[in-house]
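# Secondary and tertiary structure notes
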Amino acid sequence: MSAPSSENPATDVRGDPRPGLSSMMRDVGGIYVVNGIIGLIFAASGPVAVILAAGAAGDLTTAQLTSWIFGVFVLNGILTVIASWLYRMPLGFAWTIPGTVLVGSAVQHLAWSEVVGAFLLTGLLILLIGLTGRVRAAMSAIPMPIVMGMVAGVFLQFGLDIVDAVGADPWVAAPIVVAFFALQFHGTVSRWMPPIIGAFVVGAVAVAATGAFHLDDPPSSVMAVPVFTAPEFTLRAALELVVPLAITVIVVQNGQGVAVLRVAGHRPPVNAITVACGVWSALAASVGAISTCLTGPTNALLVAGGRRERQYTAALTFGVLAVVVGLLAPMFVALMQAMPSAFIATVGGLALLPALQSAFRGAFGTGRFTMGALVTFLVSVSDLTVLNIGSAFWGLIAGVLVSWAVERVDFRTGNTE
């Protein structure tokens, strides 16, 4: 993973950019291990529920879902360890959750091989943008309120699914919702027990108490066996998925991850991160996994405490544990699939609530590009399909055109963020 000279790995007091074993053993500590474990539990709860919900929408097989889980955990875990060691800072890589939701809509009318082809093209596009060194320009090409309008439209159904789940299976869904919001009453409690993790645990107890856990199809093997899907490149899949996926990685997810790390005092290498996301997204596509990104929520957990110069060990912990979870993907997927649909819908929807809130704030809270953002949201949330291309793509197009027509003054300011 190369980087421009302005993004060289930070050196320590001895001038060594990469910590040796003795240095890592000295830097690791209880708080960093705990933060890494919490980051892993977060990734393995709500975000995985989003993957399973997307897979269910497209009738993916258990083998395909297992391969997807393998890819997002093993490959991104390896990248996290390499990048965090190389730059001596927490760089937690995972997968694009907005992109996963987008894929959940696309797989209802696209073949899985077409989606995999779009994954590969997305990785190549991200890599190309990273190599040009023009990542910031690419991030500002489409006004942020319009991008967030698309994200809000894509996420909305997952929020509505929470309400539907409470109505359909209140004994499972209601305790999850109550636990999620109860854990937000006190800031100290929520720092030690992130609400989505507590909600996941309470939900598991509710499922056990109601007898709703049904392991009808035990995994045939303990270790994961990746499924390699030959990509199929079609114009409709490329138009519907590639640009929106690249936007969710570079603008939405990487933008959040970089912002979180900067607030914590780190200087993440933006171009190198983009190049790594491109390469790893292409690798993930080979096993049917969604694109790689520098995730905001996980990195926020990794830098939740301790000294800045030692926080990279939290990311190392997260990366190693992610590889373990990915290798045991068959058991993990089987256990999650044995849960009732209300559990998956509620946990997955709650995991996206903060992001949905941020999307609405980003779309309509700035006072700029608001009409374009509104049109983008309305089109994205609809079932509009033109030329076999889904609504998220057309939402972006419609929003930009409307803003050019009625909000030209916002473009003239020269700032689309």
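For clarity, every value in this text was computed on a predicted model and none was experimentally measured.

What counts, and where the lines are drawn
- Residues numbered from 1 in each chain as written.
- Predicted model: local features only at pLDDT ≥ 70, side-chain atom pairs only at ≥ 80, totals over all residues.
- Heavy atoms only, no water.
- Core = buried A, V, L, I, M, F, W, Y, C linked by side-chain atoms within 4.5 Å.
- Buried < 20%, exposed > 50% of the residue type's maximum accessible area, 1.4 Å probe, protein only.
- Contact = heavy atoms within 4.5 Å.
- Patch = residues over 30% accessible without salt bridge, like charges linked within 9 Å, V, L, I, M, F, W, Y side chains within 5 Å.
- Areas by Shrake-Rupley, 256 points an atom, 1.4 Å probe, with all protein chains shown as cover.
- Salt bridge = Lys/Arg side-chain N within 4 Å of Asp/Glu carboxyl O.
- Helix = DSSP H or I, 4+ residues; strand = E, 2+ residues; numbered from the N terminus.
- pLDDT = per-residue confidence, 0-100.
- Phe/Tyr/Trp six-rings, centres within 6.5 Å; stacked < 30°, edge-to-face > 60°.
- Expected span 1.5 Å × (residues − 1).

### Let's talk about the nonpolar core
- Counting 122 residues, the largest nonpolar core has Trp-68, Phe-73 and Trp-95 as the members making the most contacts within it.
- Apart from residues no more than four positions distant in its own chain, Trp-95 is found in contact with Ala-43, Pro-47, Val-48, Ile-51, Val-72, Phe-73, Asn-76, Thr-100, Gln-253, Ile-290, Ser-291 and Cys-293.

### Structural notes on a nonpolar patch on the surface
- A grouping of Phe-364, Met-371, Leu-374, Leu-378 and Val-406 is seen on the molecular surface, where their side chains present a nonpolar patch of about 420 Å² in accessible area.
- Ranked by residues supplied to the nonpolar patch, first place goes to helix 18 (residues 370-381) with three residues.
- Along the chain, Val-406 falls in helix 19 (residues 391-406).
- Under the relative-accessibility criterion, Val-406 is labelled exposed at 55%.

### Considerations on the confidence of the model for the protein chain
- With 92% of its residues at a pLDDT of 70 or more, the protein chain shows a mean pLDDT of 84.
- Every residue in residues 2-6 is under pLDDT 50, and counting partners more than four places away or in other chains gives four contacts.
- Across residues 11-16, where pLDDT falls below 50, the model places seven contacts with residues more than four positions away in sequence or in other chains.

### A short note on unusual backbone geometry
- Within the chain, Asp-59 stands out as a residue other than glycine whose phi angle is a positive 55°.
- With respect to the secondary-structure elements, Asp-59 resides in the loop between helix 3 (46-57) and helix 4 (62-87).
- Owing to a relative accessible area of 67%, Asp-59 belongs among the exposed residues under this scheme.
- At Phe-369, a position not held by glycine, the phi torsion is positive, near 55°.
- With relative accessibility at 0%, the residue Phe-369 sits in the buried group.

### Some words on the packing of aromatic side chains
- Inspection of the entire model under this criterion finds nine aromatic pairs.
- Ring geometry for Trp-112 against Phe-119: centres 6.0 Å apart, planes inclined by 90°, an arrangement best described as edge-to-face. Neither Trp-112 nor Phe-119 differs from the other in exposure class; each is buried.
- Judged by centre distance (5.4 Å) and plane angle (65°), the rings of Phe-200 and Phe-343 are edge-to-face. Separated by 143 residues along the polypeptide, Phe-200 in helix 11 (residues 195-210) and Phe-343 in helix 17 (residues 341-364) bring together distant segments of the chain.
- Given a relative accessible area of 19%, Phe-200 falls into the buried group.
- Linked through ring pairs, Trp-68, Trp-112 and Phe-119 together constitute an aromatic cluster.

### Overview of helix 3
- Helix length check: helix 3, at 12 residues, gives a terminal C-alpha distance of 17 Å against a target of 16 Å (1.5 Å per residue), a fit within 8%.
- For helix 3, the buried fraction is high: nine of the 12 residues fall into the buried class.
- Inspection of helix 3 places Gly-46, Pro-47, Val-48, Ala-49, Val-50, Ile-51, Leu-52, Ala-54 and Gly-55 among the buried residues, and these make up the whole buried set.
- Where helix 3 ends, the next residue or the one after it, Asp-59, has phi of about 55°, a positive value.

### What to know about the pattern of salt bridges
- One pass over the structure, following the stated rule, counts three salt bridges.
- We note a salt bridge from Arg-307 to Glu-309, for which the minimum N-O separation is 2.4 Å.

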